[in-house]
Amino acid sequence: MTPDSISQLLDPLNEAQREAVQHVDGPMLILAGPGSGKTRVVTHRIAYLIAQGVPSHCILALTFTNKAAQEMRLRLDGLAPQHRVWTGTFHKFCARTLRIHAPLVGLAENFTIYDTGDSKKVVKQAIQNCEVDLRHHSPDSFVNHISNLKNKGVTAEEFVPRPGHALEAIIGKVFPEYQKLLRLANGVDFDDLLLHCVELFRNSPELRQTFDEKYAYFMVDEYQDTNLAQYQLIRLLNHSIQNLAVTGDPDQSIYGWRGATLKNILGFEHDYPNVKIVRLEQNYRSTKSILRVADQLIENNLKRKHKRLHSENEEGKPVRLVAYPTPQDEAIDIADSIALAIQKGGRRPRDFAIFYRTNALSRSLEHSLRLAGVPYQVVNGHEFYQRREIKDLVAYLHLLNNPRDNVAFERIVNVPPRKIGKVTLGRIRSFAEDNRLSMLEAARSCDSISAISKVPNAKIKQFVLMMDRLSEIRSVEVETIIKAILDETAYRDWLTDDGSEEGHERAGNVDELVVAAQEFDSEHPEDGGLERYLEQAALVSDTDVWESTADFVSLMTMHAAKGLEFPCVYIVGLEDGLLPHERSSNDDEEIEEERRLFFVAITRTQEELQISRAMSRFRRGSYWPTIASRFLMELPRQSMAVFEPSSSEVNSDILDEIDPWLHGGVDDKIVDDSLAAGIPEDLDISFDPAMFESPESLTRGLKDRQKLPSFTPRIFTGAEFADQQEKLRSTVRVHPNAFRIGMQVEHLDYGIGTIVMLSGKAAKKTATVDFSDLGKKRFRLAFCNLQIVDE
DNA sequence: ATTCGCAAAGTTTTT
DNA sequence: CTTTGCGAAT
């Protein structure tokens, strides 16, 4: 490599970044504040290593999400074409490793990766087998407990219940039974992927050695979010050669509830005494006013290493802090602001993101964005694979790939109905258990099960024969397999038989699965196949499905926002019980994690940030008054644009006293019951200007305090509102429900095509259109500009 | 064996 | 409000 290309790698960096990039051998800890160019440093360092003669296949880079891995790969392709660096998530790395060496930990290569729902089923079975009394505990609590244990690196054999601890005593029975059932089914849960991998390297020192040497250069991203199992894995792969570089930021640790432990990053210096530490503290992302807010907030955490974020960016607009009367007001105002900024402010939809603590908060935001005609995407990736019909079909695939998969077997043996009921199933199950068979094997030899009578016996045989026929084609393309399953089972007809709309919707989702499989097949001509398909289906994360290039406003949880950045950000629902969440309010450590979560959300912002709360919130079936989040009191409010609620929006004088934000902020207290009385979420009106007071009243609290940089909240009233609505209407968009299968439609870019399938509903309603020459394309009907071609 | 209906319970974040 | 689970009826 030429000196020229080396300087290309180093020139765009600041001093600290350059120091990190040029570090070659030995352990390194990169403490990277938000927006400090971490990804750039990591990718440039890898390119630098390659330039120094390190073979690229000796480099292993583990990230937190597939998305981050993909991003890294993309940048690397630009910096070091034809590199062979292995990038991916911990879970994926472990899955791949286990596939090759499964027998060493008592698994077969074709093991199934169970998602949380599947694990829950296994836990339930385990509870039943143990015949324990679970009146006081839900299966969910067992799943969580077991997962927590695993995250701490405690295996079923090692677990010893504390004496006198009732729940732990039960877990002491259920946990081993659960593991036994998993093993019988040749399945693993998410945590097992890591644990089995650790076990693998512990059991086989030669293999460990091989990996250690093969991946001489090892990088780990988001080190503050690693748990004990991941830590152990890292240590095992860094035993002989300690060229480990980790990046992280203790202030951004937000996965403690999943077993992540700050000890890993805080103890790094202890683990590797000769460590090189690089601090990246200059922020290139956010304006000064945003950083000030973030900095002041995180200062309230006691358990942290002090760090001051600094930046040479502009001061920027003040951060807005707004209290809305209702969640609807919050949603409508945000949607309108975004719509206006797109129309007049030169912004694009993809410049915006809205963050919330819980997924449930997305509903009203979606509703308002739809009304405002703003295209948006909600980032939650598992949704599709969680649907019943999809899970059913995927279960068929699992059973084909791993015939021992009892969870899959139980799920689909009678779906569609084959007259194999609970009783018969129970008989198969106990026969399987008595003879150490998988349920499919047991079903195969159902002649030997005397308790099963003639009719069910025949039905079972039919099922087994069908699976045999399908099994013959299990190594062809995934699309073909799914189609064959649909053929054999008449699954689609079963869905649509009743003629209900729901049935057709589900059938549409089934069709979408076929298209997705088709896409997978064409994207993976070499490394495809059933097993890989199932693996990626199991390991997709929420952020992975986020389309960064698509022109949508992004809605996501604060957790999903990690690692992303947007010019304009809205953070909603800053209310006590939501943030900090009521389930996290137990001790200081949890509160600090919630604060870090808020910190992460704030620091995603590049230019404009609004933080808001509503004075009432819909919970448990009705509207309840809210209390401001304690975190709001920790912000530098004197340098922010604060929009307080006007007096008529205050819920009650009782709350006024509790609510720290309101306390002393409002003079005349008027009780207004109507606010808490409840406004239907589906209210059909687009927006009633009367719901807002005049802009003056909203800014009143502000004027009373002090003069702030000019910033007037934009609120549409009367004519202006009508004007805006008219503008929205001028792009005539056909209503999503107006489309039918078989219709001719016209698209601006693709021309005329025929709708071949419809799926999803409301904002997610999707049409697949066949443009003969150009192939099939899929559209979100609520956003695309598809016109119906008149006959 | 399946379906329907009612009651109760539970509501975070995710690989 | 939702989802889930259980029990009774068909």
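Peer 1: How should I be thinking about the overall build of chain A in this particular structure?
Peer 2: Counting secondary structure elements, chain A contains 31 helices and 24 strands. Per-residue burial for chain A yields a buried fraction of 56% across its 791 residues. Counting only contacts in chain A whose residues sit at least 6 apart along the sequence, the fraction spanning at least 24 positions is 74%.

Peer 1: Would you take a moment to explain the pattern of salt bridges for this structure?
Peer 2: Two side chains with opposite charge may pair up if their charged atoms get near one another. Summed over the entire model, instances satisfying the criterion amount to 41 salt bridges. Among the charged side chains, a salt-bridge network with shared partners connects Lys38, Asp221, Glu222, Asp225 and Lys562.

Peer 1: I would appreciate a short explanation of the protein's contact with DNA strand B in the present structure.
Peer 2: DNA strand B sits among 25 residues. The nearest are Arg357, Asn359, Ser541, Arg583 and Arg620. Counting only the atoms of DNA strand B that lie within 4 Å of the protein, the sugar and phosphate share comes to 52%. Contact distances for DNA strand B include 2.9 Å between a phosphate oxygen and a backbone N or O atom of glycine 421. At three residues, helix α20 (residues 422-434) tops the list of elements feeding residues into the surface near DNA strand B. Its residues assigned to classes, the surface near DNA strand B comprises six nonpolar, twelve polar and seven charged.

Peer 1: Would you take a moment to explain the pairing of strand β16 (residues 605-614) for this structure?
Peer 2: Across the ten residues that make up β16, a large majority, nine, are buried. With five bridges connecting them, strand β11 (residues 320-324) and β16 associate as parallel partners. Paired with leucine 321 across the bridge in β16 is isoleucine 611. Where strand β15 (residues 566-571) meets β16, five bridges bridge the pair, whose relative direction is parallel. Residue pairing across strands places valine 569 opposite leucine 609, the latter belonging to β16. Note that the unit made of β15, helix α27 (residues 588-602) and β16 has a crossover that is right-handed.

Peer 1: Sorry if this is basic, but what is going on with the environment of phenylalanine 201 here?
Peer 2: With respect to the secondary-structure elements, phenylalanine 201 resides in helix α9 (residues 190-203). Given the relative accessible area of 1%, phenylalanine 201 is considered buried. Counting along the chain gives 97 residues from phenylalanine 201 to leucine 104, while the straight-line C-alpha distance between them is 9.5 Å. Contacts of phenylalanine 201, omitting those with residues within four sequence positions, involve Thr97, Leu207, Arg208, Phe211, Leu233, Leu236 and Leu237.

Peer 1: How should I be thinking about the environment of glutamate 589 in this particular structure?
Peer 2: As for its placement among the helices and strands, glutamate 589 is situated in helix α27. Between the alpha carbons of glutamate 589 and asparagine 301 there is a distance of 9.1 Å; along the sequence they are 288 residues apart. Among the polar contacts made by the side chain of glutamate 589, one reaches the side chain of lysine 303 at a distance of 2.7 Å.

Peer 1: I keep staring at the sheet that holds strand β14 (residues 553-557) and nothing clicks. Help me out?
Peer 2: Whether parallel or antiparallel, the strands of a sheet pair through hydrogen bonds between backbone atoms. Ordered by their spatial adjacency, seven strands build an open sheet running β13-β14-β12-β15-β16-β11-β19, and the pairing between neighbours is parallel. The open sheet has two free edges, formed respectively by β13 (376-378) and β19 (641-643), since each of these has just one partner strand. Here the average twist between neighbouring strands, direction ignored, is 20°. Here three bridges tie β13 to β14, and the two strands are oriented parallel to one another. For glutamine 377, the partnering residue across the bridge sits in β14 and is serine 554. Together, β11, β12 (352-356), β14, β15 and β16 form the strand contacts of helix α15 (residues 327-343), whose direction differs from that of β16 by roughly 155°.

Peer 1: Would you mind showing me how to read the side chain of threonine 97 here?
Peer 2: Relative to the elements of secondary structure, threonine 97 occurs in helix α5 (residues 90-101). Taking relative accessible area as the criterion, threonine 97 reaches 3% and is therefore assigned buried.

Peer 1: What exactly am I supposed to notice about the packing of aromatic side chains here?
Peer 2: This structure, assessed with the given rule, holds 15 aromatic pairs. Aromatic pair tryptophan 86 and phenylalanine 93: ring centres 5.6 Å apart, planes at 80°, arrangement edge-to-face. A relative accessible area of 22% means that tryptophan 86 is categorised as partly exposed. Ring centres of phenylalanine 201 and phenylalanine 211 lie 5.0 Å apart, and the angle between their planes is 65°; this geometry places the pair in the edge-to-face category. With phenylalanine 201 in helix α9 and phenylalanine 211 in helix α10 (residues 205-214), the pair connects residues that are ten residues apart, well separated along the chain. The two residues phenylalanine 201 and phenylalanine 211 agree in class, both being buried. Put simply, the rings of Trp86, Phe93, Phe201, Phe211 and Tyr215 pair up and form one aromatic cluster. The positively charged end of lysine 562 is found above the aromatic ring belonging to phenylalanine 64, 4.2 Å away from the centroid.

Peer 1: Quick question: what am I supposed to make of the protein's contact with DNA strand C here?
Peer 2: The environment of DNA strand C is made up of Lys124, Phe618 and Gly621. Between DNA strand C and the protein, one listed contact pairs a phosphate oxygen with a side-chain N or O atom of lysine 124 at 2.7 Å.

Peer 1: Explanation requested: unusual backbone geometry in the structure shown.
Peer 2: Glycine aside, a negative phi is what most residues show, and trans is what most peptide bonds show. That bond from leucine 579 to proline 580 is cis: its omega, 0°, falls within 30 degrees of zero. Locating proline 580 in the fold gives a position in the loop between β15 and α27. We note that asparagine 186 has phi near 55°; this positive angle belongs to a residue other than glycine. In this structure, asparagine 186 sits in the loop between α8 (166-184) and β5 (187-189). The phi dihedral of arginine 436 falls on the positive side, at around 50°, and the residue is not glycine.

Peer 1: Please explain the pairing of β14 as it appears in this structure.
Peer 2: Looking down a regular strand, the side chains alternate between one sheet face and the other. For β14, the tally of buried residues reaches five of five residues, placing the bulk of the element in the interior. Burial along β14 is two-sided: Val553, Leu555 and Thr557 facing one way and Ser554 and Met556 facing the other are all buried. As judged from the four bridges shared by β12 and β14, these two strands associate in the parallel manner. Within the sheet, the bridge partner assigned to alanine 353 lies in β14 and is serine 554.

Peer 1: How should I be thinking about the packing of helix α25 (residues 501-523) against helix α26 (residues 530-539) in this particular structure?
Peer 2: In a pair of packed helices, the angle between the axes and the distance between the axes together describe the arrangement. At a minimum axis separation of 11 Å, α25 and α26 run at an interaxial angle of 115°. Relative to α26, the element α25 lies roughly perpendicular. For the crossing formed where α25 meets α26, the hand is right-handed. Of the residues in α26, those touching α25 at Leu513, Ala517 and Phe520 are Arg532, Tyr533 and Gln536. Classifying every residue of the contact of α25 with α26 by side-chain character gives four nonpolar, one polar and one charged.

Peer 1: What exactly am I supposed to notice about the nonpolar core here?
Peer 2: Core analysis: the largest hydrophobic core is formed by 51 residues, its most contacted members being Phe409, Phe463 and Tyr533. When residues in this core are grouped by element, the largest group, eight residues, is from helix α18 (residues 388-401). With residues near it in sequence (within four places) discarded, phenylalanine 409 still touches Leu399, Leu425, Met439, Leu440, Ala443 and Phe463. Within the second largest apolar cluster, 43 residues are counted, among which are Leu98, Tyr231, Val246 and Ala538.

Peer 1: Got a minute to help me understand the sheet that holds strand β8 (residues 276-280) in this structure?
Peer 2: Taken in spatial order, the six strands line up as β3-β2-β6-β7-β1-β8 in an open sheet, and their pairing is parallel. The sheet is open, and its two edges are formed by β3 (86-89) and β8, each paired on a single side. Averaged over all pairs of adjacent strands, the angle between their axes in this sheet comes to 15°, without regard to strand direction. The pairing of strand β1 (residues 28-32) with strand β7 (residues 243-248) spans four bridges and is parallel. Considered in β7, the bridge of leucine 31 is made with glycine 248. The strands touched by helix α3 (residues 38-51) are β1, β2 (59-63), β6 (217-220), β7 and β8; relative to β6, the strand with the most contacts, the crossing angle is about 175°. Running at roughly 110° to β3, α5 makes contact with β2, β3 and β6 of the sheet.

Procedures and definitions
- Along each chain, the written sequence defines residue order, and numbers are assigned to residues from 1.
- All chains are assigned letters beginning at A, and all ligands numbers beginning at 1, according to the order in which they are written.
- Two thresholds apply to this predicted model, a pLDDT of at least 70 for residue-level local features and 80 or more for giving and counting side-chain atom pairs, whereas whole-chain, interface and lining totals are computed over all residues.
- Side-chain measures here rest on the full set of heavy atoms in the structure, leaving out hydrogens and waters.
- By the criteria applied, helices consist of DSSP H or I runs no shorter than four residues and strands consist of E runs no shorter than two, each listed in order from the N terminus.
- Remark: exposure states derive from per-residue accessible area (1.4 Å probe, protein chains only) relative to the maximum for the residue type, with buried under 20%, exposed over 50%, and partly exposed in between.
- Residue contacts are defined here by distance: any two heavy atoms, one from each residue, within 4.5 Å place the two residues in contact.
- In the sections that follow, a salt bridge refers to a side-chain nitrogen of Lys or Arg positioned within 4 Å of a carboxyl oxygen of Asp or Glu.
- Throughout, near means a residue has at least one heavy atom within 4 Å of the molecule or strand.
- Polar contacts, as used here, are pairs of N or O atoms within 3.5 Å; protein pairs need one atom able to donate a hydrogen and one able to accept it. Residues neighboring in sequence count only if both atoms are side-chain atoms.
- All residues other than Ala, Val, Leu, Ile, Met, Phe, Trp, Tyr, Cys, Pro, Asp, Glu, Lys and Arg, Gly among them, are scored as polar; the first ten of these are nonpolar and the last four charged.
- Any two strands are treated as partners once DSSP identifies two or more bridges connecting them.
- Here a crossover is taken to be right-handed if, once the strands point away from the viewer, the path from the first strand over the helix to the second is traced clockwise.
- Axes, fitted as lines to C-alpha atoms, cover a helix only where it is in contact. Angles between the N-to-C directions of the axes lie from 0 to 180 degrees.
- Paired rings are identified among Phe, Tyr and Trp, the last through its six-membered ring, by centres lying within 6.5 Å, and are further divided according to the angle between planes into stacked (under 30 degrees), edge-to-face (over 60) and tilted (the rest).
- For a ring to carry a charge above it, either NZ of a lysine or CZ of an arginine must fall within 6 Å of the ring centroid while also lying within 35 degrees of the normal to the ring plane.
- The scheme is simple: roughly parallel for angles under 35 degrees, roughly antiparallel for over 145, roughly perpendicular for 65 to 115, oblique for anything else.
- By definition, turning the near helix anticlockwise from the far helix through less than a right angle yields a left-handed crossing, and turning it clockwise yields a right-handed one.
- By nonpolar core is meant a set of buried Ala, Val, Leu, Ile, Met, Phe, Trp, Tyr and Cys residues that side-chain atoms within 4.5 Å join together.

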